[in-house]
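An overview of the molecular structure
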Amino acid sequence: MLARKLIFSRQLSTSLPRFQVKLFDKLPGEGRQVSKGVQDLLGPLRAENFSNADPSKTVGYDHFDVAIVGGGIVGLATAREILKRHPHLKLTVLEKEADVAGQQTGHNSGVIHAGLYYEPGSQMAHTCVRGADLMYQYCEDNNLPVERCGKLVVACNEKEHAQVEKLYRQGTANGVKGLKIINSDEITELEPNVKAYSALLSPNTGIVNYWLVSQCIAKELRKSGRVDIKTSFEAKKFEKTSDNKVRISGSEKIMDGPQLQVTAKHVITCGGLYSDRLAGLTGGNDKKHRIVSFRGTYYQLKPEYRTLVKRNIYPVPSGGGIPVGVHFTPTVDVRRGHQTIVGPGACITFSREGYRFFDIKIRDVWDNVMNSAFWAFALKNFNLSMGELYRDLNKNAFLRSGQKYVPGLTGEMVEPSFAGVMAQVFEKGGVAAGDFIVERKVMDGLILNVRNAPSPACTASLAIGEMITDTAEQDFNWK
Ligand SMILES: Cc1cc2nc3c(=O)[nH]c(=O)nc-3n(C[C@H](O)[C@H](O)[C@H](O)COP(=O)(O)OP(=O)(O)OC[C@H]3O[C@@H](n4cnc5c(N)ncnc54)[C@H](O)[C@@H]3O)c2cc1C
């Protein structure tokens, strides 16, 4: 039977006519400069990527020294730092979306935090303070819009004042400069529409557009000719090859094909909302450090009211370890018309990419159901969680959070804006992990997984890039 099959296949192959293949020099449109009209659409940063792309370098260039999975600001900043220190290495950044920075990095408040909220001595404290300095410098060097507009963290009563004092002590211990506690009259002088008992003034807090910063880093990486950013590549499988490398297979998001593959000597995953799942795929411990996702919905001041405040106005933290409460933030985001945003809430989502209330994914709900740390958090903070769910659906409840310290705010002044979904790891007992988490030496030391990078990871990103590169140098024995 087998012999007959072999004879048949040989007959088949000899009976086929033999063609000499001919290859064209170029594909249609290859090398053509992007027209002015298209440039306007893409914006100058991106048009340059297309017109300068050298296909012999970027297409089919599938073996790398380092693969970074996740093209958010943490992955991009890490690639940038590795390249800066080791310019001989060839890198790839794999991103499942059609563009970089499409998830948390592209949908947030855009605040450069000064470093008030983090435990002295933690990596968050250190990288936030250093990262803020690096971020201001990066924006200046690259002509990106950035404003050191300052911030007030307001206490509405004596009880909250204790928190203002705590933030002052903590921020000072973290090395934040220029902090000052001010009284009610001083608040009114700086911000006539804000009424509060006292406030912490942080002059070094600022605003920036992290999506634009990421685009700029991506442009820098592409221009180096050493980094291939592969978008629409969702990493789905990690295997160790016989020559001690990692083969990463994937495909376009949602689709099953065509199969995409790269190999790399070392891998760093920076998967944001999916960091636990990615860790599981690499052989890491996905039972630990499960991600819980929260939607932060924003309103924005209508153009005629956008100057209601001049700086970031935050309430004191609401507790539970989840984000810092509905705040007012002027933005430098040209895409959204330089509006002042009001938000976000922090509503548990039923989907990891739950940008709207009714986005539901069974697998994501199931993951929460099976996560004891999630239950511990939800039960311990039952009122807070229910309040956030209600506030996410009810505009008046949302506004009341802001009216506590901006009493003149009315429903007429605001319109719906956007939402972002944040990833947060909870430890046993339902406590939000208070620091960044990195899982080391996975797959016999070939892989490093970033497992928890919530706020202030955008502010801190350039310093996180340094921290991850330090760790990679040790774990991967880079000289
Ligand atoms: C509403 C909101 C407000 C915030 N405000 C601030 C702020 O003002 N200041 C601040 O410093 N921080 C803020 N943050 C936090 C900050 O946005 C995040 O900490 C930061 O963006 C995390 O960056 P990242 O690169 O780790 O994650 P992301 O930006 O989420 O990037 C991860 C990337 O990995 C990709 N990915 C996932 N799985 C795969 C896979 N299998 N294959 C390929 N790619 C994959 C995703 O598509 C994504 O692009 C805020 C966050 C939110 C949501």
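About the cut-offs
- Residues numbered from 1 in each chain as written.
- Predicted model: local features only at pLDDT ≥ 70, side-chain atom pairs only at ≥ 80, totals over all residues.
- UniProt positions renumbered as here; feature names shortened; annotations may be inferred.
- Pairing = 2+ DSSP bridges.
- Helix = DSSP H or I, 4+ residues; strand = E, 2+ residues; numbered from the N terminus.
- Near = placed C-beta within 6 Å.
- Nonpolar A, V, L, I, M, F, W, Y, C, P; charged D, E, K, R; others polar.
- Domains from an automatic or database assignment.
- Axes fitted to C-alpha atoms, helices over the stretch in contact; angles between N-to-C directions.
- Left-handed = near helix turned anticlockwise from the far one by under 90°.
- Contact = placed C-beta atoms within 7 Å.
- Parallel < 35°, antiparallel > 145°, perpendicular 65-115°, else oblique.
- Buried ≥ 20, exposed ≤ 12 C-beta atoms within 10 Å, placed from the backbone.
- Core = buried A, V, L, I, M, F, W, Y, C linked by C-beta atoms within 7 Å.

As annotated in an unreviewed UniProt entry, the chain is L-2-hydroxyglutarate dehydrogenase, mitochondrial from Mucor saturninus. According to its UniProt record, the chain has this under Cofactor (unreviewed entry): "FAD". Among the UniProt annotations of the chain, the heading Catalytic activity (unreviewed entry) holds the following wording: "(S)-2-hydroxyglutarate + A = 2-oxoglutarate + AH2".

Here the focus is the pairing of strand β10 (residues 234–240). Where β10 meets strand β11 (residues 246–251), six bridges bridge the pair, whose relative direction is antiparallel. Bridging from a neighbouring strand, Glu234 pairs with Ser251 of β11. With antiparallel pairing between neighbouring strands as the criterion, β10 and β11 make up a hairpin whose turn holds five residues, including Asn244 at a positive phi of roughly 65°.

Strand pairing in a sheet relies on backbone hydrogen bonds, with the paired strands running either antiparallel or parallel. Taken together, the three strands give an open sheet; going across it, the order is β3-β8-β4, and neighbouring strands pair in antiparallel fashion. A single partner strand is all that each edge strand has here, and the edge strands are β3 (111–112) and β4 (146–147). When β4 meets strand β8 (residues 206–208), the two strands line up antiparallel, connected through two bridges. By the bridge assignment, Glu147 is partnered in β8 with Ile207.

The ligand sits among 41 residues. The nearest are Gly70, Gly72, Asn108, Gly272 and Gly420. For the shell around the ligand, the secondary-structure elements that each account for two or more residues are α5 (73–85), β10, β18 (414–427) and α15 (457–475). Across the shell around the ligand, the residue classes tally to 18 nonpolar, 19 polar and four charged. There are two domains that each give the shell around the ligand at least three residues, and those are domain 1 (62–104 + 211–288 + 436–475) and domain 2 (290–432).

Time to look at the packing of α5 against helix α9 (residues 210–223). With their axes 10 Å apart at the nearest point, α5 and α9 run at an angle of 35° to one another. Viewed along their axes, α5 and α9 form a crossing whose handedness is left-handed. Along the contact surface, α5 presents Ile73, Leu76, Ala77, Ala79, Arg80 and Leu83, while α9 presents Tyr210, Val213, Ser214, Ile217, Ala218, Glu220 and Leu221. Here the contact of α5 with α9 is composed, by residue class, of 10 nonpolar, one polar and two charged.

Turning next to the packing of helix α6 (residues 123–141) against α15. Two elements in contact, α6 and α15, have axes separated by 6 Å at closest approach and are oriented at 110°. With respect to α15, the element α6 is oriented roughly perpendicular. The two elements α6 and α15 meet at a crossing, and its hand is right-handed. Contact with α6, carried on its side by Gln123, Thr127, Cys128, Arg130, Gly131, Ala132, Leu134, Met135 and Tyr138, involves Thr459, Ala460, Ser461, Leu462, Ala463, Ile464 and Met467 of α15 and no other residues of that element.

Attention now goes to the environment of Ser184. In this structure, Ser184 sits in helix α8 (residues 184–190). Considered as a pair, Ser184 and Val194 are 10 residues apart in the sequence and their alpha carbons are 9.1 Å apart. Among residues more than four places away in sequence, those in contact with Ser184 are Ala196, Tyr197 and Ser198.

For helix α10 (residues 275–282), the tally of buried residues reaches six of eight residues, placing the bulk of the element in the interior. Restricting attention to buried positions, one finds in α10 the residues Ser275, Asp276, Leu278, Ala279, Leu281 and Thr282. Directly after α10, the chain includes Gly283, whose backbone phi takes a positive value near 100°.

As a further point, take the nonpolar core. Judged by nonpolar contacts, the single largest core of 119 residues is most densely connected at Ala67, Val267 and Ile464. Of the domains in this structure, domain 1 (62–104 + 211–288 + 436–475) and domain 2 (290–432) are the two that each give at least three residues to this core. Those residues within four positions of Val267 in sequence are excluded, and the remaining contacts are Ala67, Val69, Phe238, Val246, Ile248, Thr282, Leu446 and Ile447.

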